[in-house]
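# Fold and contact review
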Amino acid sequence: AKPLPPARGQQILSPRQCLFSPWETVPAEQSLGRICANAALSCPPAIPIAVAGERIEPEALVLFRHYGLSYVNVIR
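Below: a short report on this structure. Computed from a predicted structure; not experimentally measured.

Assignment of secondary structure puts valine 51 in the loop between strand E1 (23–27) and helix H2 (58–67). Judged by its relative accessible area of 30%, valine 51 falls in the partly exposed class. Along the primary structure valine 51 and glycine 9 are separated by 42 residues, whereas in three dimensions their C-alpha atoms are 8.4 Å apart.

Put into structure tokens, the structure is as follows:
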């Protein structure tokens, strides 16, 4: 099987800034370019695909689809 791409989002906000920012839940496919509000992960493997404050990049969308993540919390 072809290895999955790593998701390396750029840190835009600190986790503290995210904690105090309004957020919303959007379909994962519509999250490209948005700022992740809290860790987006699937179980298994329970490794975060995106963490609070990161911009969601195309590689993350591939992983969301692969692990069945349908929705993501993003900063409003």
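This next bit is on the nonpolar core. Residues Ala40, Ile49, Ile56, Phe64 and Val72 are the most contacted members of the largest nonpolar core, which totals 14 residues. Elements that contribute at least two residues to this core include exactly H2 and strand E2 (71–75). With 4 residues, H2 is the largest single contributor of residues to this core. If we skip the residues at most four places from it in the chain, isoleucine 56 touches Ser31, Leu32, Gly33, Arg34, Cys36, Leu61, Phe64, Val72 and Val74. Grouped together as the second largest cluster of nonpolar side chains are 5 residues, Cys18, Ile35, Ala52 and Ile75 included.

With that settled, consider H2. Within the span of H2, buried status applies to Ala60, Leu61, Leu63 and Phe64. Along H2, the residues classed as buried sweep out an arc of 165 degrees about the axis, all on the same side. Where H2 is buried, its residues meet E2. Where H2 ends, the next residue or the one after it, glycine 68, has phi of about 75 degrees, a positive value.

What follows covers a nonpolar patch on the surface. Taken together, Leu4, Val62 and Tyr67 make up a surface patch of nonpolar side chains, about 210 Å² in accessible area. Note on placement: leucine 4 falls in the segment before helix H1 (15–19). Judged by relative accessible area, leucine 4 falls into the partly exposed class, the value being 34%.

Calculation rules
- Residues numbered from 1 in each chain as written.
- Predicted model: local features only at pLDDT ≥ 70, side-chain atom pairs only at ≥ 80, totals over all residues.
- Heavy atoms only, no water.
- Helix = DSSP H or I, 4+ residues; strand = E, 2+ residues; numbered from the N terminus.
- Buried < 20%, exposed > 50% of the residue type's maximum accessible area, 1.4 Å probe, protein only.
- Core = buried A, V, L, I, M, F, W, Y, C linked by side-chain atoms within 4.5 Å.
- Contact = heavy atoms within 4.5 Å.
- Arc of directions from axis to C-beta.
- Patch = residues over 30% accessible without salt bridge, like charges linked within 9 Å, V, L, I, M, F, W, Y side chains within 5 Å.
- Areas by Shrake-Rupley, 256 points an atom, 1.4 Å probe, with all protein chains shown as cover.
- Salt bridge = Lys/Arg side-chain N within 4 Å of Asp/Glu carboxyl O.

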